[in-house]
Amino acid sequence: MKVLFYRYGSICEPDIIDTFQEIGLEVDEYTKEITNKNISQKDSVNQVGNYLMDHPVDFVFSINFFPFLSEICNVFHIRYLSWIVDAPVMELYSTAIENPWNRTFIFDRAVYDEIHPLNPDCVFHLPLGANVAPKDALFKRSSASEQKRFSHDIAFVGSLYTEKCPYDKLSGASESLRGYLDGIMRAQEQVYGYYFIEELLSDQHVEEFRKHLPGFYHYPAASHLTDKRTMSQLYIGNKISAMERVDSFRLLSEHFPVTIYTGSDTTALPKLDNRGFAKSLTEMPLIFHQSKINLNITSKAIRTGLPLRIFDILSCGGFVLSNYQPEIPELFNIGEDLAVYTSQEELLALCEYYLTHEDERIAIAENGYEKLKQHYTYEKQLEKLLLTAFKS
Amino acid sequence: MNILFMDWGCFGKDGTIKAMEELGHTVYKFAHEDYKLRQSASFLDAFYEFVEKYHIDFCFSYNYFPVLAIGCHEKNLKYISFLYDSPYVMLYSFTLMYPTNYVFLFDQAEYLKLRQGGLTNIYYMVLPADTEQIEKLLKQPFDRERVTSDISFMGQLYNEEHNFLDRVTAAGDEYLNGYLRGIMESQKKISGYNFIEEMLTPDILKRMQDAYPFVPDQTSVESPTYTYAKYFIDRKITSEERIHILTEIGKRFPQQCKLFTWNQNTTIEGVKNMGIAEYFHEMPLVFRHSKINLNISLRSIYTGIPLRCMDIMANRGFLLSNYQSDLAEAFIPGEEYVYYEDTEDLMHKIDYYLTHEKERLEITENGYQKVVKLHNYKDCFTEIFRICEIQP
């Protein structure tokens, strides 16, 4: 079978391409968007459409969802497979989601619950995964000094969401609205396992917020997206994620040496050891492999699912300490394969515990790695994806 | 031994004294008008005289009284107190530290908080209830019509004019008012975890103090946020929740619900306001003759089983309660009582149990039997005396 793999530069793409090839698929990569982000929709449609005329394939694949690809596949009568690996993905609300040739796989059940009713036969839930072989090879090759350089007590790789936080553009809103939103955001920050923000937004709240947020996001074409959903997930979710990361790092850095690899500004957190960006392919795996505790603080827009980061860390043999996400117990045993916190106090307590109980920590990391290797490699997940996509 | 029983208008007096006597002790009731004061020379004089006259070995009260604690400490007498009210700010008296105190709390969250604060003379105990009173009442004439109902709710609505929180919001700080509304609406979404006090940051606390100043008693050690959280905000949330639930019930089950409450002027469409049901002579009959008895806990009771729940089950009433974690530990949900998760779930369960009589009666009987076997006065105080190392 031959697949047109539409690439836009997601970190998952190389591993998935390798896995497709290992399964025996012929992969034709379309890479124009990686280098040219400003290509217009119309040009994309023409170019990809023409390409498919000359290079027929059995199906098209992309990470995340591109409405124009869905429309093209609808015309060509070939399946358009997409695996959603992040949230929010606003394109999922486009009317193109209804096309019968879509096979859309969503890693987060909360999003799945929203999107599935729009196209019940073509939308599925599928958690993510990771490959182990390339990283095993990397670790064997790394020198002693490299290993030492990336050995930390507590490590985190990622953004603090503080820069360009879209919520911060809010200007001129009433004190009453600002107070209300601060209240619900601070409350949500304390609660894991249930995202209640959208339920607490009235039409009046949304109306006033939209009026005072310059450049409020509107989906460019016909869609199922509502302003309330946009406000809840894109603006508020993002803001709470920023608050949570800053608060967590402030608390942790008061008690422990914490190393963070981020491009975000950490001057407000002077006790953090900020090493700047980490290279995804050559440095990040070493950080996960060498460090005692690897933190995962899931973005609030991912309401129930396991973010890619958890699989990344586990695949490197790293010890995961993650916030609670409702889908974690469906895939892993908490306390055996990874550690999970449900409050800031617990985060502190677990850091202290696992820094002083090395044998347990190492055993948990090993269990997590083995569990992933047995059940959640890209090979396993993509087999499920392909079987489901071609069943109907 | 000779017990001084602090005599005030408390619940459970007769049952408790009877149990203490059955356990071989002699009980002497002591009353004094200054019992609720933080300090009183007059109380102490009367107390010392009483102790000497009756050769008192130890003291007991329901709820906790600092003056009594002071007296017991002076005379090196054990002071056993058993709280059934929450919130109960007098507990935070500096006298709580006295080693002569043995304080029993019915709320595990409160118990843990004080224990983690370093106090070792604090214990957790489920409140006992009287299972015999109802049998006596049934042998005498009573107003059957008045106490019979499909659904009953007995409790305060806390909607008096100029209630505490309204005094804060009347000051007109729009940001504060918005913030308070935000955290209250958020809290309403969550059972099993109360985060209100955590939400009162130093900035918010200052705004509340500016709006409506409140200063703790000079001899008291509670945090400055304690009273605002528990007496102002939790109370307001409870008021809104109870009124909202009763209003919904009035719509979906018109004329099927009776409200027994202090404020006779409150009208809720579809619900009959019956005024007060007297605790000792009428309340047990209401619980026995109502098909469903609702418990909507005061929000300041974080985990504990309100006395109301114990009374309902003790009188062979069917208990339908909001989720409280201590309740789910001491009684089996679905077998000995039923809990609801939100308003919609409550309506569904009311409908179900009104139309499934056999199940309802089974659950009622199971709950009653458990109270008789494990939460009667005699067994409860046997355990309390064992913990306090009181010889029989």
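Quantities reported herein were computed from a predicted structural model and do not represent experimental measurements.

Another point: the interface of chain B and chain A. Counting residues at the interface gives 18 residues for chain B and 19 residues for chain A. Secondary structure elements with two or more residues in the side of chain B that touches chain A: α8 (174-188) and α9 (196-199) of chain B. For the side of chain B that touches chain A, the leading source of residues is α8(B), giving 13 residues.

We now examine the domain arrangement of chain B. Residue and element names in this part refer to chain B. The assigned domain composition of chain B is domain 1 (2-128 + 376-387) and domain 2 (133-374). Here the C-alpha centroids of domain 1 and domain 2 sit 26 Å apart. On the side of domain 2, 22 residues touch domain 1, which itself brings 18 residues to the contact. Among the residues forming the side of domain 1 that touches domain 2, the class breakdown is 10 nonpolar, four polar and four charged.

All names here are of chain B. Examined against the element boundaries, tyrosine 353 turns out to sit in helix α15 (residues 343-355). Under the C-beta neighbour-count criterion, tyrosine 353 is labelled buried, with 21 such atoms within 10 Å. For tyrosine 353, the contacting residues outside a window of four places in its chain are Ile292, Phe318, Leu320, Val338 and Arg360.

Once that is clear, we can look at the sheet that holds strand β2 (residues 26-30) of chain B. Residues and elements named next belong to chain B. Judged by pairing direction, the sheet is parallel, and its six strands sit side by side in the order β2-β1-β3-β4-β5-β6 without closing on themselves. Both edges of this open sheet fall to β2 and β6 (122-124), since each of them pairs with a single strand only. Between one strand axis and the next, the sheet turns by 25° as a mean value, whatever way the strands run. Judged from the five bridges that link them, strand β3 (residues 58-62) and strand β4 (residues 78-82) form a sheet pairing that is parallel. Across the sheet, the residue bridging to phenylalanine 60 is isoleucine 80, located in β4.

Rules and cut-offs
- Residues numbered from 1 in each chain as written.
- Chains lettered and ligands numbered in written order.
- Predicted model: local features only at pLDDT ≥ 70, side-chain atom pairs only at ≥ 80, totals over all residues.
- Contact = placed C-beta atoms within 7 Å.
- Helix = DSSP H or I, 4+ residues; strand = E, 2+ residues; numbered from the N terminus.
- Domains from an automatic or database assignment.
- Nonpolar A, V, L, I, M, F, W, Y, C, P; charged D, E, K, R; others polar.
- Buried ≥ 20, exposed ≤ 12 C-beta atoms within 10 Å, placed from the backbone.
- Pairing = 2+ DSSP bridges.
- Axes fitted to C-alpha atoms, helices over the stretch in contact; angles between N-to-C directions.

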